[in-house]
Each structure stands twice: as C-alpha cells, then as structure tokens.
Amino acid sequence: MGSSIEGPAPSAPGTTDEPPLRRGLLQRLFRRSPAQKNALPALPAIQVVATHGMSNLRKLRVDDVAIPKVDIVAVALDISKEDLVAAFKEHGFSRIVVYKGNLDSPQGLVLLKDLALQHGFGAGGRFSLKKLLRPILYAPPSMPVGVLLQKMQRERVHMALVIDEYGGVDGLVTIEDLIETVIGEIEDEHDEDEGSLWKEEKPGVFLAQATAPLDEFEPALGLTLRTLEDDQDIDTLGGLVMLRTGRMPARGEIVPHESGAEFEVIDADPRRIKRIRVRLPGAIMAPEAEAPKADTAA
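Residues numbered from 1 in each chain as written. Predicted model: local features only at pLDDT ≥ 70, side-chain atom pairs only at ≥ 80, totals over all residues. Heavy atoms only, no water.

J.: Go over the side chain of arginine 226 with me, naming the residues and quoting the values.
T.: Tracing the chain through its elements places arginine 226 in the loop between α10 (214-221) and α11 (237-245). Accessibility expressed as a relative area gives 15% for arginine 226, which makes it buried. A distance of 3.2 Å separates the side chain of arginine 226 from the backbone oxygen of isoleucine 234, its partner in a polar contact. Sequence-distant contacts of arginine 226, defined by excluding residues within four places in its chain, comprise Leu214, Asp215, Glu218, Asp231, Gln232, Ile234 and Leu240. (Helix = DSSP H or I, 4+ residues; strand = E, 2+ residues; numbered from the N terminus. Buried < 20%, exposed > 50% of the residue type's maximum accessible area, 1.4 Å probe, protein only. Polar contact = N/O pair within 3.5 Å; in protein donor to acceptor, adjacent residues only side chain to side chain. Contact = heavy atoms within 4.5 Å.)

J.: Account for the confidence of the model for the chain, naming residues and giving values.
T.: On average, residues of the chain score 77 in pLDDT, and 71% of them are at 70 or above. A low-confidence stretch, residues 287-298 stays under pLDDT 50, and its non-local contacts, those more than four residues away or across chains, total 0 contacts. (pLDDT = per-residue confidence, 0-100.)

J.: Talk me through the pattern of salt bridges; I want residue IDs and the actual numbers.
T.: Enumeration according to the criterion identifies 14 salt bridges in this entry. In this structure, the salt-bridge partner of arginine 251 is glutamate 90, at a minimum N-O distance of 3.8 Å. Note that arginine 251 is positioned in the loop between α11 and β10 (254-256) and glutamate 90 in helix α5 (residues 81-91), a separation of 161 residues in sequence. With a closest N to O distance of 3.0 Å, arginine 226 and glutamate 218 form a salt bridge. Where salt bridges share partners, they join Glu201, Glu262, Glu264, Arg277 and Arg279 into one cluster. (Salt bridge = Lys/Arg side-chain N within 4 Å of Asp/Glu carboxyl O.)

J.: Describe a negative patch on the surface, and please don't skip the residues or the numbers.
T.: Taken together, Glu229, Asp230, Asp233 and Asp235 make up a surface patch of like negative charges. Among the structural elements, aspartate 233 can be located in the loop between α10 and α11. Classification of aspartate 233 as exposed rests on a relative accessible area of 67%. (Patch = residues over 30% accessible without salt bridge, like charges linked within 9 Å, V, L, I, M, F, W, Y side chains within 5 Å. Areas by Shrake-Rupley, 256 points an atom, 1.4 Å probe, with all protein chains shown as cover. Lys, Arg positive; Asp, Glu negative; His and termini not counted. Charge placed at Lys NZ, Arg CZ, Asp CG, Glu CD.)

Written out as structure tokens, the structure reads:
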C-alpha cells in the first residue's frame with residue numbers, strides 16, 4: 001500500500017520554493033485576494049508614502065531638517081543688554097545662540113526668561129551675558145533625527161548646532177524642527193505665513209521677502225523690474241537689488257530703479273538681504289502731490 005503523504009506541489013512559474021517572508025503590518029492590512037488584484041490596479045508607490053511619520057526619526061538625518069548657517073540668529077558675547085533685548089523683540093525667539101568673535105566659536109544659549117528674571121521687571125544689577133549662558137548641544141550632519149531628539153530630551157536642551165568635519169558651524173536645529181518631521185508643521189503666534197512672500201502695506205507700497213520670485217512678483221506689481229540685459233539671469237527680488245548696487249546693500253539703504261520705483265532694504269545682514277520695501281512711482285510722488293498749498297491770500 002502506497003504512502004498517502006504527497007510531496008510538495010510543484011512551484012508555479014515565476015515563484016520559488018522558499019517559504020514566504022513574514023509580512024509586516026502594512027502588508028497584512030493592504031493584502032488583497034487574487035480577485036481583488038485582478039479588479040483593481042496597483043497604486044503607485046508615491047501615493048502611499050507619508051510625508052511625516054515616526055519612520056522619519058530613523059530615515060532623516062540632522063542636515064535634512066537644519067536651517068543653514070546664514071539663517072541663524074546669533075549675538076556676540078559682548079552685546080549690551082539693550083541690544084540683546086532688541087534682538088529678542090525683533091526676532092520673537094525664546095532663545096538665541098551666543099558666540100565669541102564669530103559664529104564658529106559658539107559659547108552657548110541665552111534664554112529670554114533668564115534675561116527677564118535677572119534684569120527685567122525693574123531689576124537692577126550689573127549685566128553680564130556670560131553668567132546667563134546655558135549649554136548648547138552639538139551634532140554632526142549625519143546624526144539620525146531620532147538620536148538627536150532623544151539627546152535633547154535627556155539633556156533638556158532644545159537647540160543644537162550642526163558642526164561640520166572641520167569643527168565649524170554648518171546649521172542649527174531645534175526640538176520643534178525634529179518633532180515637525182513626525183507630526184507636521186507646528187505654527188505659533190510668532191510664525192509668519194511663508195506662503196505669502198509679499199504683502200501690500202498700502203496702495204503702491206509692498207513689503208516683500210528678498211526671495212520673492214520675480215516671475216510672480218512683477219505681475220503683482222504691474223511693473224517690469226527686469227529691464228536691463230543682465231537682469232534676465234536674475235530670479236529673485238533680492239538678486240535684482242544686489243545687481244543694481246553692485247554690492248551688498250546695508251539695512252535702511254534706498255536703491256532707485258530706472259522705472260521710477262525704489263527699493264528700501266528693511267532687513268539685511270553682511271551676507272544677504274532679507275526683506276525689501278518696494279515703492280511704485282505713483283506711491284513715491286503721492287506725498288508731494290498731497291502736500292498742502294501755501295496760503296497766497298494777502
């Protein structure tokens with residue numbers, strides 16, 4: 001009498017005899033029957049890839065979320081109390097990096113609450129920024145986001161400088177930046193609408209980011225700003241202003257345009273322009289037109 005135990009069934013074409021791998025949770029959730037596979041086309045992979053999520057803590061590196069060095073707001077160790085207060089008011093931050101000489105020599109962090117408790121509310125005493133300094137973390141660009149987040153939680157320091165291979169500062173990352181990789185953007189009362197690169201303050205006067213693309217900004221103004229041959233290689237408003245001056249303009253400087261408009265540099269540092277006020281020709285002439293006439297009566 002032959003054995004009733006049959007051997008393994010032959011493999012179907014295109015398959016192997018190896019046992020199937022253990023399926024992950026998402027594979028089990030989205031597994032379909034053969035009938036479903038025939039009825040529905042497979043979704044493109046891009047449609048099931050999440051922008052945010054816990055996986056970013058492992059996949060993303062610090063340099064993927066850090067702001068570049070040129071965007072870091074920092075103050076010198078020898079800054080006066082009045083200038084430090086003005087820096088906090090201007091930028092709306094709760095903590096600022098402190099350096100000695102230049103940003104590649106960071107000294108630590110100064111917190112707004114420490115400044116207020118020590119020297120605010122009418123408190124006197126000699127001001128010493130060095131006594132207010134708190135430690136700051138340092139991270140290589142290749143560090144996984146999740147590792148830095150755990151380090152920030154453990155050491156209770158919510159800001160880190162990204163240090164390159166030569167020991168120089170390459171960028172900055174906050175704990176908010178890291179959390180946003182998981183849950184999406186966190187907006188607070190200090191955040192500006194990044195989708196709006198310019199706004200009309202009053203008729204004919206616009207306040208714009210230097211990064212405003214001229215392809216979109218010119219139609220909003222109703223004025224052609226790229227009138228010279230060299231202008232055709234310029235993409236942003238800040239680039240156009242620099243081209244007109246031939247250098248980095250200073251904050252408060254007014255740069256005339258051949259159309260009759262003028263650019264006022266509202267915010268800038270030694271490396272780049274940040275914000276510009278654009279006055280159209282009609283807005284520049286308006287105050288003169290509205291000036292009261294002299295009384296000619298005898």
